[in-house]
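Summary of structural features
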Amino acid sequence: TLQMTVLGIETSCDETAAAVVRGPAEKQILSNVVRSQIDDHTAFGGVVPEIAARAHIKVLDGIIAEALSRADCGWDDIDAVAATAGPGLIGGVIVGFMTAKAIAMASGKPIIAVNHLEGHALTARLTDDLPFPFLLLLVSGGHSQFLLVRGVGDYERLGTTIDDAIGEAFDKTAKLLGLPYPGGPAVEHMALAGDAGRFKLPRPLLDRPGLDMSFAGLKTALRTQAKKLEPIDDQTIADLCAGFQKAVADVLAARTKAALQLFGERHPDVPPTLVVAGGVAANQEIRTSLQAATAAAQADFIAPPMALCTDNAAMIAWAGIERLVLGPVDDMALPPRPRWPL
Ligand code: KG4
Ligand code: ZN
């Protein structure tokens, strides 16, 4: 049976992460260390790329050492090094990928340049025994897309946001209502006390066919409503948060139904599964509405544990294993890439 141990490194946004994963015969996360930089960025209301890159440099060596030690591994136990080579904030990507190259060169082990989105896309195969093909909804601060995952390296983007990512829309909404960063958890918390029906907010693009989404108009409509009522009280903030969250959940549910229908047309003989990934998947109302939409379409619903849904290095190590199993991997000449569509 095929079994290997891979060190994964992730530095494409504001998490510095390293992990050791074994597989594919017997899947095991030996360690999964994540250091969030949120505290370094809160004062600025969002991630500052230059600060992020410097913070990665400062802590990455220690995070890698910790991942190895928690896994009880020495360098000799590692078969390959996998690192995010894009897409993402280029300063951070350079730090992680160059560190991985240095380790690979010094130790003579193969390097695997992992696409961050591929990491998210394959995570459900680490946590569940999920065969290809399946449908992935990736909803984070940087991405909002439906992906048809047909195999390792075989992805088709079925639909995406034409403007803001959903997490980004949550963050901007929070900012304009005076709530802290990151906005998602703050908006969700306020929404608990809110009346989603008080304000009429749009469901952008839903009148159009296809799987694309748009969230900028929703945010603008919310700003207009908020301006009219200035200075706004806590109840109004709560009602706006609830209305916003409900609108996002409605859009996602409708698009999920359409995506599952498309999946059924493409793969009539495959029982459909929707996998969600990304920080926005932490949102309870969104989860519930996705669950309802998948149940209505008689599809399975998989939400990996939150620690593996948000940015982490276990998913990068696992993607490395999936690639390694298929044969030769990457060489040292591969550049880090700020943009890298799947
Ligand atoms: O996947 P993630 O940790 O990092 C990347 O963006 O790659 O996602 C972070 C995003 C942020 O925009 C944050 O506001 C959002 O996910 N988020 C949420 C919730 N928790 C985090 N959005 C809505 N509801 C939440 N509970
Ligand atoms: Zn991500």
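Residues numbered from 1 in each chain as written. Chains lettered and ligands numbered in written order. Predicted model: local features only at pLDDT ≥ 70, side-chain atom pairs only at ≥ 80, totals over all residues.

If you look the chain up in an unreviewed UniProt entry, it shows as tRNA N6-adenosine threonylcarbamoyltransferase from Roseibium hamelinense. On record in UniProt, under Catalytic activity (unreviewed entry), the comment for the chain is "L-threonylcarbamoyladenylate + adenosine(37) in tRNA = N(6)-L-threonylcarbamoyladenosine(37) in tRNA + AMP + H(+)". As recorded by UniProt, the Sequence similarities (unreviewed entry) comment attached to the chain reads in full: "Belongs to the KAE1 / TsaD family." (UniProt positions renumbered as here; feature names shortened; annotations may be inferred.)

Counting buried residues in strand β7 (residues 144-151) gives six out of eight residues, a clear majority hidden from the surface. Taken together, the six bridges between strand β6 (residues 134-139) and β7 define a ladder with antiparallel strand orientation. Across the sheet, the residue bridging to L135 is L148, located in β7. As consecutive antiparallel partners, β6 and β7 are separated by four residues. Judged from the six bridges that link them, β7 and strand β8 (residues 154-160) form a sheet pairing that is antiparallel. Residue pairing across strands places V149 opposite Y155, the latter belonging to β8. Hairpin geometry of β7 and β8 is characterised by an intervening segment of two residues between the two adjacent antiparallel strands and by a positive phi of about 80 degrees at G153. (Buried ≥ 20, exposed ≤ 12 C-beta atoms within 10 Å, placed from the backbone. Helix = DSSP H or I, 4+ residues; strand = E, 2+ residues; numbered from the N terminus. Pairing = 2+ DSSP bridges.)

All right, on to the pairing of strand β3 (residues 28-36) then. Looking down a regular strand, the side chains alternate between one sheet face and the other. Relative to β3, strand β2 (residues 15-24) runs antiparallel, the two sharing eight bridges. Residue pairing in the sheet places E15 in a bridge with S36 of β3. If you look at the hairpin formed by β2 and β3, you'll find three residues sitting between the two strands.

With an omega of 5 degrees, the peptide bond running from G23 to P24 counts as cis. As for its placement among the helices and strands, P24 is situated in strand β2. In this model, E230 is joined to P231 through a cis peptide bond whose omega is -5 degrees. Structurally, the position occupied by P231 is in the loop between α7 (216-228) and α8 (234-266). With a phi close to 60 degrees, D72 is a non-glycine residue in the positive phi region. With respect to the element layout, D72 can be found in the loop between α2 (49-70) and β4 (80-86). By the C-beta count within 10 Å, which is 10 here, D72 ends up exposed.

Glancing now at the domain arrangement of the chain. For an interface, size is often stated in terms of accessible area lost upon the parts coming together. Splitting the chain by domain gives domain 1 (3-126 + 308-325) and domain 2 (132-303). Each of domain 1 and domain 2 was reduced to a C-alpha centroid, and the two centroids are 27 Å apart. If you look at the interface, domain 1 gives 15 residues, while domain 2 gives 20 residues. Residue assignment for the side of domain 1 that touches domain 2 shows that the elements contributing at least two residues are α1 (38-41), α4 (116-127) and α11 (314-325). Across the side of domain 1 that touches domain 2, the residue classes tally to six nonpolar, seven polar and two charged. (Domains from an automatic or database assignment. Contact = placed C-beta atoms within 7 Å. Nonpolar A, V, L, I, M, F, W, Y, C, P; charged D, E, K, R; others polar.)

Moving on, we come to the environment of A317. With respect to the element layout, A317 can be found in helix α11. Classification of A317 by C-beta neighbours within 10 Å gives buried; the count is 37. Residues A317 and V114, 203 residues apart in the sequence, show an inter-C-alpha distance of 8.6 Å. What A317 contacts, discounting residues up to four positions off in sequence, is V6, L7, G8, A19, V20, V21 and A82.

Once that is clear, we can look at the site of ligand 1. Not every one of the 20 residues close to ligand 1 is listed here, only the nearest: G141, G167, G184, G279 and N283. Among the secondary structure elements, those contributing two or more residues to the shell around ligand 1 are α5 (166-176) and α6 (183-191). For the shell around ligand 1, the per-class residue count stands at six nonpolar, 10 polar and four charged. The residues that make up the shell around ligand 1 include at least three from each of domain 1 (3-126 + 308-325) and domain 2 (132-303). (Near = placed C-beta within 6 Å.)

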